[in-house]
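Reading the structure
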Amino acid sequence: MKDTDGYAVFLFPQAIEALGDAVKPYITEGANGAHVLCTEIDTAGSLIEMSLDGTTEDGQALQVELMVPSSMVRMIVSARGEDAFGFRPRAAATATPIRATPVPATPSADAASPDAEPTPPVE
């Protein structure tokens, strides 16, 4: 997922144990736990369908569809447009202060004159 959008699907530890060696090639270990990196997911139905990009042993591109029961999925995280994802502190965006300039409620012709007296507010 270096330059693609996708998802990280976290499975329960018991699910990884139950699936055994069959799921291990698709699992990525990370600081936040074991997960499956997917390009697409479909959560409609009793199975979670995950599309993964892979390569064959001779280097050819391959698209794999992995399906697991939805009860095995602990969490799905969108990992869009970043090389890394996860739960880390994010820098707070600094807001630029906005200076508000008062605008007269009703424009008057006298307001344009520098010698004019201010118009009293309408109550």
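Before any of the text, the structure's been laid out above.
Residues numbered from 1 in each chain as written. Predicted model: local features only at pLDDT ≥ 70, side-chain atom pairs only at ≥ 80, totals over all residues. Heavy atoms only, no water.

A separate point is the nonpolar core. Among the nonpolar cores identified, the biggest contains 17 residues, and Val9, Leu11, Ile27, Val36, Met50 and Val68 are the most heavily contacted of them. Residue assignment for this core shows that the elements contributing at least two residues are strand S1 (7-11), helix H1 (13-19), strand S3 (33-38), strand S5 (47-55) and strand S6 (61-69). If near-sequence neighbours (up to four positions away) are discounted, Val9 is found in contact with His35, Val36, Cys38, Ile41, Met50, Val73, Met75 and Ile76. (Core = buried A, V, L, I, M, F, W, Y, C linked by side-chain atoms within 4.5 Å. Buried < 20%, exposed > 50% of the residue type's maximum accessible area, 1.4 Å probe, protein only. Helix = DSSP H or I, 4+ residues; strand = E, 2+ residues; numbered from the N terminus. Contact = heavy atoms within 4.5 Å.)

With that out of the way, let us pick up the pattern of salt bridges. Counted according to the given criterion, the structure contains one salt bridge. Across the salt bridge formed by Lys24 and Asp21, the nearest N and O atoms sit 3.5 Å from each other. The exposure classification of Lys24 matches that of Asp21, with both residues exposed. (Salt bridge = Lys/Arg side-chain N within 4 Å of Asp/Glu carboxyl O.)

Attention now moves to the sheet that holds strand S4 (residues 40-42). Spatially, three strands are ordered S4-S5-S6 in an open sheet, and the strand pairing comes out antiparallel. Unpaired on one side and paired on the other, S4 and S6 mark the two borders of the sheet. Here the average twist between neighbouring strands, direction ignored, is 20°. Looking at chain direction, S5 and S6 are connected through nine bridges and run antiparallel. The partner of Glu49 across the bridge, within S6, is Met67. (Pairing = 2+ DSSP bridges. Axes fitted to C-alpha atoms, helices over the stretch in contact; angles between N-to-C directions.)

To continue, consider the sheet that holds S1. Read from one edge to the other, the open sheet built from four strands follows the order S2-S3-S1-S7, with strand pairing classed as antiparallel. Two strands bound the open sheet, and with one partner strand each, they are strand S2 (27-30) and strand S7 (73-78). On average, adjacent strands in this sheet sit at an angle of 35° to one another, irrespective of strand direction. Across five bridges, S1 lies against S7 in antiparallel orientation. Within S7, the position partnered with Leu11 by the bridge is Val73.

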